[in-house]
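# Chain and residue survey
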Amino acid sequence: QEQAKADPAAAKALQDYFDGARAYAQAMDGINLGMLVPTGALGQESIFQVVGVTHGDAKAIQTAQRKMLENQQAFMNLMNAQGAMQVNTTFTESAKTIDGVSLNAFQTKFSPAAGRQPTPQEAQMQQMMAFMYGPQGVSGYTGVVGDNFISSMGVSDAVMQQLIASAKSNEDVLSKSPAVQSVAKALPPTHFAAGYFALDQFVSTLANYAKAFGLPINLQLPADLPPIGLSASTEGTAVRVDTYVPTQLIQSLVAAGMQAKMQMQA
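Below: a short report on this structure. What you see is a predicted model, and the numbers here were worked out from it, not measured in a lab.

Parameters at a glance
Residues numbered from 1 in each chain as written. Predicted model: local features only at pLDDT ≥ 70, side-chain atom pairs only at ≥ 80, totals over all residues. Heavy atoms only, no water. Helix = DSSP H or I, 4+ residues; strand = E, 2+ residues; numbered from the N terminus. Buried < 20%, exposed > 50% of the residue type's maximum accessible area, 1.4 Å probe, protein only. Pairing = 2+ DSSP bridges. Axes fitted to C-alpha atoms, helices over the stretch in contact; angles between N-to-C directions. Patch = residues over 30% accessible without salt bridge, like charges linked within 9 Å, V, L, I, M, F, W, Y side chains within 5 Å. Areas by Shrake-Rupley, 256 points an atom, 1.4 Å probe, with all protein chains shown as cover. Salt bridge = Lys/Arg side-chain N within 4 Å of Asp/Glu carboxyl O. Expected span 1.5 Å × (residues − 1). Phe/Tyr/Trp six-rings, centres within 6.5 Å; stacked < 30°, edge-to-face > 60°.

Quick look at unusual backbone geometry now. Notably, Asp-99 is not glycine yet its phi reads approximately 50°, a positive angle. Locating Asp-99 in the fold gives a position in the loop between β3 (85-98) and β4 (101-112). Given a relative accessible area of 45%, Asp-99 falls into the partly exposed group. Despite not being glycine, Asp-224 shows a phi value in the positive range, around 60°.

This is the structure in structure tokens:
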């Protein structure tokens, strides 16, 4: 109410943002999300590379997401009331076409307030943002593929082609992986959400970035290690969360860590 009195236009934009979020949730039946392992140099490629396929009323989801993005600026302005950093969000309809699919683009960039030099802390924050999201900031593409709504953040056109092909075929490649299958068997068979965290790939990525900074880290991990599994299900009136950590994963990480430590001491 206070925000509405102070700035009615911003208050309406915020309300439209939350209305879009509600419509998005109501139109979706389920969602598959995945985070890719970055391979490029820090600052030149986004660390956070995410792809997603949302199932449901794809057209309604696209409309709702556009409404959210178009009103996101007011949301950011409210969070940045002191004006220390300038946050600019843009939305471009039909920005590009890949494999016959028209894609909308979104981008959010952070910069110091206009008219002044960044403080050392702000400059450091800008560098960290470039490390996390690449030179283009928080950016990505969305589109409709049949009955599916696809979305991405920080990925290349080649990855977008793979995402579009996956949405067209509706093929679940991840569940066919022997490593994932072994973990899935240890989780409750009935659940409303499940996720798999490849800790070995996460550790290897950190080691590769550490080597880029000159640290003599040489990790050697076995291929196709099983991931950590998580699931959420209902039990009576409660929500139950299960986590499964494979012994093979921990043993391999400990052995690789000890080997790397000995190499660094030598």
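Before going further, it helps to spend a moment on the sheet that holds strand β7 (residues 193-197). Reading across from one edge, β7-β8-β9 is the order of the three strands in this open sheet, with antiparallel pairing throughout. This sheet does not close on itself; its edge strands, each paired only once, are β7 and β9 (238-244). On average, each strand axis in the sheet is inclined to that of its neighbour by 15°, with strand direction left out of account. Here β7 pairs with strand β8 (residues 228-235) via five bridges, running antiparallel. Counterpart to Ala-193 in the pairing with β8 is Ala-232.

Before going further, it helps to examine a nonpolar patch on the surface. On the surface, Phe-197, Phe-202, Leu-206 and Leu-230 cluster together to form a nonpolar patch covering roughly 350 Å² of accessible area. Position of Leu-230 relative to the elements: it lies in strand β8. Judged by its relative accessible area of 34%, Leu-230 is partly exposed.

This part takes up helix α5 (residues 120-133). Its 14 residues place the ends of α5 20 Å apart at the C-alpha level, agreeing with the 20 Å of an ideal helix rising 1.5 Å per residue. All of the buried residues along α5 are Glu-122, Met-129 and Phe-131.

Another point: the pattern of salt bridges. Considering all chains together, one arrives at eight salt bridges under this definition. Salt-bridge contacts for Asp-157 lead to Lys-96; the nearest nitrogen and oxygen are separated by 2.7 Å. Placement of the pair is Asp-157 in helix α6 (residues 157-169) and Lys-96 in strand β3, with a sequence separation of 61 residues. Of the residues examined, Lys-96 reaches a relative accessible area of 22% and is grouped as partly exposed. Measuring nitrogen to oxygen at the nearest pair gives 3.0 Å for the salt bridge that ties Arg-240 to Glu-235.

A few words now on the packing of aromatic side chains. To describe a pair of aromatic rings, you give the distance between the ring centres and the angle between the ring planes. According to the stated counting rule, one finds four aromatic pairs in the structure shown. Ring geometry for Tyr-17 against Phe-18: centres 5.7 Å apart, planes inclined by 85°, an arrangement best described as edge-to-face. Centroid distance Tyr-24 to Phe-149: 6.3 Å. Interplanar angle 85°. Geometry classified as edge-to-face. With a gap of 125 residues between them, Tyr-24 in helix α2 (residues 8-27) and Phe-149 in strand β6 (residues 148-153) connect regions that are remote in the sequence. There is no split in this pair, since Tyr-24 and Phe-149 are both buried.

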